Amino acid sequence: LARLGRNTEHVVENSLPYRLWHSDFVRKSHLYRLVFSHGMNRVMVVIFALYLPIDYVLRTYCPIAALASGWDEVFLAFGLVYIIFKRMFSGKTLETRSTPMDIPLLVFFAVGFLLLCITSTHLSVAIAGYRAVYQYMLWFFILTRILENEKDVYCFFYTLIAVGTLTALHGVYQ
């Protein structure tokens, strides 16, 4: 992927979204410095940690049903594209990350897909169920590839602790 990134880098650098994103107007704005001061990885980690509050707010208050029901799939796809682009356009060689859970989860995916193909009478219902079960496991793969250092891990856990604390306080209030 890194070789492909080096070969296509000039195309990306000449694109309008890239030039706008790297313009002085955007880079010097207060919002940009506030959100992206620790890099895009940190933003992705925080959005992953804030999944439940974001999902609750969108499903409860968003008048656009398609946005409320599809934002998590879009975020999952964005995370996958982000990882691919990060591997393609990074100047350094990125090490491959693996966890002890990778192989068992891949086997679980394969068995689930096999059962989906063999036993499903209504394919659309079976695919929707497969997606609902396995989507969160795909998030595990993406998040383990996004976390780069201990600061990202601490940021993820501190955000989860804050969300859990606020949820618990809301429960006590009720």
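Residues numbered from 1 in each chain as written. Predicted model: local features only at pLDDT ≥ 70, side-chain atom pairs only at ≥ 80, totals over all residues. Heavy atoms only, no water.

## Quick word on the packing of helix H8 (residues 102-119) against helix H9 (residues 123-146)
At step 1: Taken N-terminus to C-terminus, the directions of H8 and H9 make an angle of 170 degrees; their axes are 11 Å apart at the nearest point. One finds that H8 runs roughly antiparallel with respect to H9. Residues Asp102, Leu105, Leu106, Phe108, Phe109, Gly112, Phe113 and Leu116 of H8 pack against Leu123, Ala126, Ile127, Tyr130, Tyr134, Met137, Leu138, Phe140, Phe141 and Arg145 of H9.
At step 2: Residues that form the contact of H8 with H9 fall into these classes: 15 nonpolar, 1 polar and 2 charged. (Axes fitted to C-alpha atoms, helices over the stretch in contact; angles between N-to-C directions. Helix = DSSP H or I, 4+ residues; strand = E, 2+ residues; numbered from the N terminus. Parallel < 35°, antiparallel > 145°, perpendicular 65-115°, else oblique. Contact = heavy atoms within 4.5 Å. Nonpolar A, V, L, I, M, F, W, Y, C, P; charged D, E, K, R; others polar.)

## Brief notes about the environment of aspartate 72
At step 1: Relative to the helices and strands, aspartate 72 is located in helix H7 (residues 65-89).
At step 2: Once the C-alpha coordinates of aspartate 72 and isoleucine 54 are considered, the two residues, 18 residues apart in sequence, prove to be 9.5 Å apart.
At step 3: Once you skip the residues sitting within four places of it in the chain, aspartate 72 turns out to touch Tyr51, Arg59, Gln135 and Trp139.

## With respect to the side chain of asparagine 41
At step 1: For asparagine 41, the position within the fold is in helix H5 (residues 40-49).
At step 2: On the basis of relative accessible area, asparagine 41 is assigned to the buried category, the value being 6%.
At step 3: At 3.2 Å, the side chain of asparagine 41 and the side chain of glutamate 148 are in polar contact.
At step 4: Each residue touching asparagine 41, except ones within four places of it in the same chain, is listed here: Tyr82, Lys86, Ile146, Glu148 and Asp152. (Buried < 20%, exposed > 50% of the residue type's maximum accessible area, 1.4 Å probe, protein only. Polar contact = N/O pair within 3.5 Å; in protein donor to acceptor, adjacent residues only side chain to side chain.)

## Considering the pattern of salt bridges
At step 1: All told, the structure shown has 6 salt bridges when counted by the stated rule.
At step 2: One salt bridge in this structure joins aspartate 72 and arginine 59, with 4.0 Å as the shortest N-O distance. Of this pair, aspartate 72 sits in helix H7 while arginine 59 sits in helix H6 (residues 51-61), and the two are 13 residues apart along the sequence.
At step 3: Salt-bridge contacts for lysine 86 lead to glutamate 148; the nearest nitrogen and oxygen are separated by 3.1 Å. In this pair, lysine 86 is assigned in helix H7 and glutamate 148 in the loop between H9 and helix H10 (150-173), connecting sequence segments 62 residues apart.
At step 4: Residues joined by salt bridges that share partners form a network here, namely Asp55, Arg59 and Asp72. (Salt bridge = Lys/Arg side-chain N within 4 Å of Asp/Glu carboxyl O.)

## Side note on the nonpolar core
At step 1: In terms of nonpolar packing, the biggest core is built from 18 residues, with Met44, Phe48, Phe75, Trp139, Ile142, Ile146 and Phe156 touching the most fellow members.
At step 2: Those elements that provide at least two residues to this core are H5, H6, H7 and H9.
At step 3: When residues in this core are grouped by element, the largest group, 6 residues, is from H7.
At step 4: Ignoring any residue separated from it by four or fewer positions in sequence, one finds tryptophan 139 in contact with Phe48, Tyr51, Asp72, Phe75 and Leu76.
At step 5: Ranked by size, the runner-up nonpolar core spans 5 residues in total, among them Leu105, Phe109, Tyr134 and Met137. (Core = buried A, V, L, I, M, F, W, Y, C linked by side-chain atoms within 4.5 Å.)

## Quick word on the confidence of the model for the protein chain
At step 1: Per-residue confidence for the protein chain gives a mean pLDDT of 83; residues scoring 70 or more make up 87%.
At step 2: Model confidence for the protein chain, summarised as mean pLDDT per element, is weakest for helix H4 (residues 30-36) at 65 and strongest for H10 at 91. (pLDDT = per-residue confidence, 0-100.)

## Overview of the side chain of glutamine 135
At step 1: Summarising the element assignment, glutamine 135 is placed in helix H9.
At step 2: Apart from the residues lying within four places of it in its own chain, the contact partners of glutamine 135 are Asp72, Glu73, Leu76 and Tyr130.

## Some thoughts on the packing of aromatic side chains
The description of two aromatic rings rests on the distance between their centres and on the angle between their planes.
At step 1: Here the structure, examined in full by the defined rule, presents 17 aromatic pairs.
At step 2: The interplanar angle of 45 degrees and the centroid separation of 5.4 Å between the aromatic rings of phenylalanine 108 and tyrosine 134 together place this pair among those described as tilted. Pair noted here: phenylalanine 108 is in helix H8 and tyrosine 134 is in helix H9, with a separation of 26 residues, a long-range link.
At step 3: Members of the aromatic cluster, joined through ring pairs, are Phe108, Phe109, Phe113, Tyr130, Tyr134, Phe140 and Phe141. (Phe/Tyr/Trp six-rings, centres within 6.5 Å; stacked < 30°, edge-to-face > 60°.)

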